[in-house]
Amino acid sequence: MENEVLSIVDKRTGKTYEIPITNGTIRAMDLRKIKTGPDDFGLMTYDPAFMNTASCQSAITFIDGDKGILRYRGYPIDQLAEKCSFLEVAYLVLTGELPTAAQLKDFVTHITYHTMLHETTKHFLEGFRYNAHPMGMFISTVAALSTVYPEAKNVHDPEVRKLQIYRLIGKVPTIAAYTYRHSLGFPYVYPDNDLSYAENFLNMLWKMVEPKYQANPALARALDILFILHADHEQNCSANAMRAVGSSQADPFVSVAAAAAALSGPLHGGANEEVLKMLDEIGSKENIPAYIERVKAGQVKLMGFGHRIYKNYDPRARIIKQAADQVFEVTGKNPKLEIALELERIALQDEYFIKRKLYPNVDFYSGIIYQAMGFKPEIFTVLFAIPRTAGWLAQWQEMLCDPEQKIARPRQIFTGHDVRDFVPIEKRGVREFPAAA
Ligand code: ACO
């Protein structure tokens, strides 16, 4: 595919330009030389919401949205979900290769070593209101870690980076669990380093007065699988936030906090919480057709449906559906599953969804499992943020090590006023505070 060229004729000047095509892509900077004269800035592309712009070269995650394929570092997601632990996958996503047994042991030891939070960070968490949303607490507390580890700003030192990666992956479950305990008014539980990553998380969430918490192995494994499915997803809104904020050489704690903030929105990771609210609102199967009509009328969105990249079944949703069966064997069925399955069945037969290629995404079923496992919907997005931290850090590290990357700084097409003279306050007309400007 090398040596492919795009010929562009600029009808304004009659000039022809030869633009190289690599990997089905032209470089936007090659368009800059297309000018009408020496004072012309040169041609730009306009791409709101990055619908057709590659912002980086990445070797981490491959998605074929039409075929419903997802691979981390070349390995199909279903194989990883079946055969790996989450930390094994985190190692793969971060380093590019699956670990040997010795490398995995070493990695797990490092992560386990960094699960504790500084006591002042624990006190910081205690300052939140009793009804603070766990995601808001999570974002703020991850950002607050930046004050505890000031050396983290040395982002170009690989050893410093590695230490922050251990810290972040080690500490996000602790922060997540503390946000949940805080919202329930329960005392925080310290990490138990005898336990696996998922078991320890469950321990910090659910341990009460028993001397040693024993996680149900089926639930711990299901959680680990969910973590694997959420580890990375290439250049989505939060990965893009991670790269954009990290590109200013901000430290990884505030960059992960920014990425988590992006994740919290209902169109991204916040959708899993919204799906449960939607299923509650629908209430029973008989109400589904009326709800679908409201979706088609543009009054509401079918949360957990649709994806910028997948125009086919999200492969993660398929694996989650299988994991759900294992969870329900332990917990009993979540009655919302029936509504969700029927909603999916009706939607997938409806012309509105068929025409727009809208399929269930990862968030459609994850919340139903989380709820069956005992989680409240407010923590669903935090459960997403824990494993995605590995992906964000992999994206961040790749960005920092890429010699082509610089501070992320898009251009704009200015549509505002041309220059105008200042108007003194007494001469200004009365205008309502604009809702949008
Ligand atoms: N319900 C109803 N209609 C939808 C939905 C939906 N969930 N998603 C997309 N559409 C419609 C749009 O209205 C649009 O219709 P139109 O062509 O008549 O205007 C068409 O499908 C294309 O949708 P866009 O919004 O242009 O697609 P985009 O790629 O910008 O958005 C997104 C993708 C944000 C995920 C969207 O599908 C959505 O809002 N889904 C619901 C929220 C959700 O589940 N988010 C989680 C995504 S997965 C993740 O981030 C982890």
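Reading the values: the criteria
Residues numbered from 1 in each chain as written. Predicted model: local features only at pLDDT ≥ 70, side-chain atom pairs only at ≥ 80, totals over all residues. Heavy atoms only, no water. Helix = DSSP H or I, 4+ residues; strand = E, 2+ residues; numbered from the N terminus. Rg over C-alpha atoms; globule rule 2.2 N^0.38 Å. Contact = heavy atoms within 4.5 Å. Salt bridge = Lys/Arg side-chain N within 4 Å of Asp/Glu carboxyl O. Near = heavy atom within 4 Å. Polar contact = N/O pair within 3.5 Å; in protein donor to acceptor, adjacent residues only side chain to side chain. Areas by Shrake-Rupley, 256 points an atom, 1.4 Å probe, with all protein chains shown as cover. Nonpolar A, V, L, I, M, F, W, Y, C, P; charged D, E, K, R; others polar. Pairing = 2+ DSSP bridges. Buried < 20%, exposed > 50% of the residue type's maximum accessible area, 1.4 Å probe, protein only. Lys, Arg positive; Asp, Glu negative; His and termini not counted. Core = buried A, V, L, I, M, F, W, Y, C linked by side-chain atoms within 4.5 Å. Expected span 1.5 Å × (residues − 1). Bend = angle between axes of the 7 residues up to and from the residue. Disulfide = S-S within 2.5 Å. Phe/Tyr/Trp six-rings, centres within 6.5 Å; stacked < 30°, edge-to-face > 60°. Lys NZ or Arg CZ within 6 Å of the ring centre and 35° of its normal.

1. Things to note about the overall build of the protein chain
If you tally the helices and strands in the protein chain, you get 17 helices and five strands. Its C-alpha radius of gyration of 24 Å places the protein chain within 12% of the 22 Å reference for a compact globule of 437 residues. The principal-axis extents of the C-alpha atoms in the protein chain amount to approximately 80 × 65 × 55 Å. Within the protein chain, residue pairs in contact and separated by at least 24 positions form 69% of the contacts whose partners lie at least 6 positions apart.

2. Digging into the pattern of salt bridges
Considering all chains together, one arrives at 20 salt bridges under this definition. Taking the shortest distance from any N to any O, the salt bridge between D224 and R221 comes out at 3.6 Å. In this pair, D224 and R221 are both assigned in helix 8 (residues 217–229), three residues apart and thus about one turn of the helix distant. The residue K285 makes a salt bridge to E338 at a minimum N-O spacing of 3.9 Å. A residue pair is termed long-range when its members are at least 10 positions apart, and K285 in the loop between helix 11 (271–282) and helix 12 (288–296) and E338 in helix 14 (residues 336–349) qualify at 53 residues. Among the charged side chains, a salt-bridge network with shared partners connects D192, D194 and K212.

3. Re the site of the ligand
The ligand sits among 20 residues. The nearest are H268, K301, L302, G304 and R308. Contact distances for the ligand include 2.9 Å between a nitrogen atom and a side-chain N or O atom of Y352. Separating an oxygen atom of the ligand from a side-chain N or O atom of R356 is a distance of 2.9 Å. The protein chains hide 72% of the 910 Å² of surface that the ligand would expose on its own. For the shell around the ligand, the per-class residue count stands at eleven nonpolar, five polar and four charged.

4. A few points about the sheet that holds strand 3 (residues 61–64)
One open sheet holds the three strands; their spatial order is 3-4-5, and the pairing between them is antiparallel. With one partner strand each, in any of the chains shown, strand 3 and strand 5 (75–76) form the two edges of the open sheet. Two elements, strand 4 (residues 69–72) and strand 5, share two bridges in a ladder whose sense is antiparallel. Across the sheet, the residue bridging to Y72 is Y75, located in strand 5.

5. Some details on the side chain of T381
Among the secondary structure elements, T381 is positioned in helix 17 (residues 380–400). The buried category is assigned to T381, whose relative accessible area is 2%. At 3.1 Å, the side chain of T381 forms a polar contact with the side chain of N272. The residues touching T381, leaving out its near neighbours within four places in the chain, are M135, L263, S264, G269, G270, N272 and E273.

6. Considerations on helix 9 (residues 237–246)
Turning to helix 9, its buried residues are S238, A239, A241, M242, R243 and G246. Lining the buried residues of helix 9 we find helix 10 (252–263) and helix 17.

7. What about the pairing of strand 2 (residues 15–21)?
Across seven bridges, strand 1 (residues 4–10) lies against strand 2 in antiparallel orientation. Residue pairing across strands places E4 opposite I21, the latter belonging to strand 2. Between strand 1 and the antiparallel strand that follows it, strand 2, lie four residues; G14 among them carries a positive phi value of about 80 degrees.

8. Comments concerning the side chain of R161
Considering the arrangement of structural elements, one finds R161 in helix 6 (residues 158–184). The side chain of R161 is buried and forms no salt bridge, while D157, the nearest opposite charge, is found at 7.0 Å. Not counting chain neighbours up to four residues away, the residues in contact with R161 comprise V155, H156, W396, Q397, L400 and C401.

9. Regarding the nonpolar core
Core analysis: the biggest nonpolar cluster contains 120 residues, and I169, F201, M278 and F375 have the highest contact counts within it. Top contributing element to this core by residue count: helix 17, with 13 residues. When near neighbours in sequence (up to four residues on either side) are disregarded, M278 contacts Y291, K301, L302, M303, L343 and F364.

10. A look at helix 17
Between the first and last C-alpha of helix 17 there are 30 Å, a value that for 21 residues agrees with the 30 Å anticipated at 1.5 Å per step. Of all the bends in helix 17, the greatest, near 45 degrees, is centred on R388. For helix 17, the buried fraction is high: 21 of the 21 residues fall into the buried class.

11. Digging into the state of the cysteines
Counting across every chain of the model gives zero disulfides. As a non-bridged cysteine, C56 has C401 as the owner of its nearest cysteine sulfur, 13 Å distant.

12. Points about the pairing of strand 4
Residues L70 and Y72 point to one face of strand 4 and are all buried, whereas I69 and R71, pointing to the other face, are not buried. Bridge count for strand 3 against strand 4 is four bridges, and the pairing is antiparallel. Bridged to D64 within strand 4 is I69. Between the end of strand 3 and the start of strand 4, which pair antiparallel, lie four residues, with G68 showing a positive phi angle near 70 degrees. With antiparallel pairing between neighbouring strands as the criterion, strand 4 and strand 5 make up a hairpin whose turn holds two residues, including R73 at a positive phi of roughly 50 degrees.

13. Side note on the packing of aromatic side chains
Within the structure shown, the criterion is met by 19 aromatic pairs. Note on Y180 and F375: the rings are 6.2 Å apart at their centroids and 50 degrees apart in plane angle, and the pair reads as tilted. Taken as a pair, Y180 in helix 6 and F375 in the loop between helix 16 (362–372) and helix 17 lie far apart in primary sequence, 195 residues in all. Given a relative accessible area of 2%, F375 falls into the buried group. Grouped by ring-pair contacts, the aromatic residues Y180, W206, Y370, F375 and F380 constitute a single cluster. Over the aromatic face of Y352 sits the side chain of R356, whose NZ or CZ is 3.8 Å from the ring centroid.

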